[in-house]
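Architecture and fold: a report
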Amino acid sequence: MIIQPHILSKALDAALSTGADFADIFVEDTYSSQLTVLNSKADQAIVGQLVRRRDPSVLRP
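Everything numeric in this text was worked out from a predicted model, so none of it was measured. (Residues numbered from 1 in each chain as written. Predicted model: local features only at pLDDT ≥ 70, side-chain atom pairs only at ≥ 80, totals over all residues. Heavy atoms only, no water.)

1. Here's the deal with the overall build of the chain
The following threshold applies: Going along the chain from the N terminus, every DSSP run of H or I of four or more residues is numbered as a helix, and every run of E of two or more is numbered as a strand. A 1.4 Å probe rolled over the protein chains alone gives each residue an accessible area, and that area as a share of the maximum for its type sets the label: buried under 20%, exposed over 50%, partly exposed in between. Residues count as neighbours in contact if any of their non-hydrogen atoms are within 4.5 Å of one another. With residues, only the protein chains shown are counted as cover, and all accessible areas are computed by Shrake-Rupley using a 1.4 Å probe.
The helix and strand inventory of the chain stands at one helix and two strands. Reading the chain from its N terminus to its C terminus gives the helix and strand order α-β-β. Looking at the chain residue by residue over its 61 residues, the buried ones come to 5%. For the chain, the share of sequence-separated contacts (at least 6 apart) that also reach a separation of at least 24 residues comes to 37%. As presented, the chain carries roughly 5300 Å² of accessible surface, and 53% of it is formed by carbon and sulfur atoms.

This is the structure:
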């Protein structure tokens, strides 16, 4: 899991404590790879992970 459950719970509790009927948290975990070929030969290979998180601070009153 990208974000620990107690942190998620704390953020959602903070959002709902202001009277909201609904709150959500968006987390995306993406893996990417790229291979560049130059003159029929592998020139560059890139592999990585991109993690996107909606900042929980936007949920604070």
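So, next bit.
2. Quick word on unusual backbone geometry
A positive phi angle, near 55 degrees, is found at Asn39, a position not held by glycine. For Asn39, the location among the structural elements is in the loop between strand 1 (27-38) and strand 2 (41-53). Of note, Ser40 is a non-glycine position whose phi angle comes to about 65 degrees, a positive value. Relative to the helices and strands, Ser40 resides in the loop between strand 1 and strand 2.

3. A few points about the confidence of the model for the chain
Short version of the rule: Scored from 0 to 100, pLDDT records how confident the predictor is in each individual residue.
Taken over all residues, the pLDDT of the chain has a mean of 79, while the share at 70 or more is 77%. Mean pLDDT values for the elements of the chain range from 77 in strand 2 up to 89 in helix 1 (residues 5-16).

4. Regarding the environment of Leu12
For Leu12, the location among the structural elements is in helix 1. By relative accessible area, which is 28% here, Leu12 ends up partly exposed. Here the alpha-carbon distance between Leu12 and Phe22, two residues ten residues apart in the chain, equals 9.0 Å. Apart from the residues lying within four places of it in its own chain, the contact partners of Leu12 are Ala23, Asp24 and Ile25.

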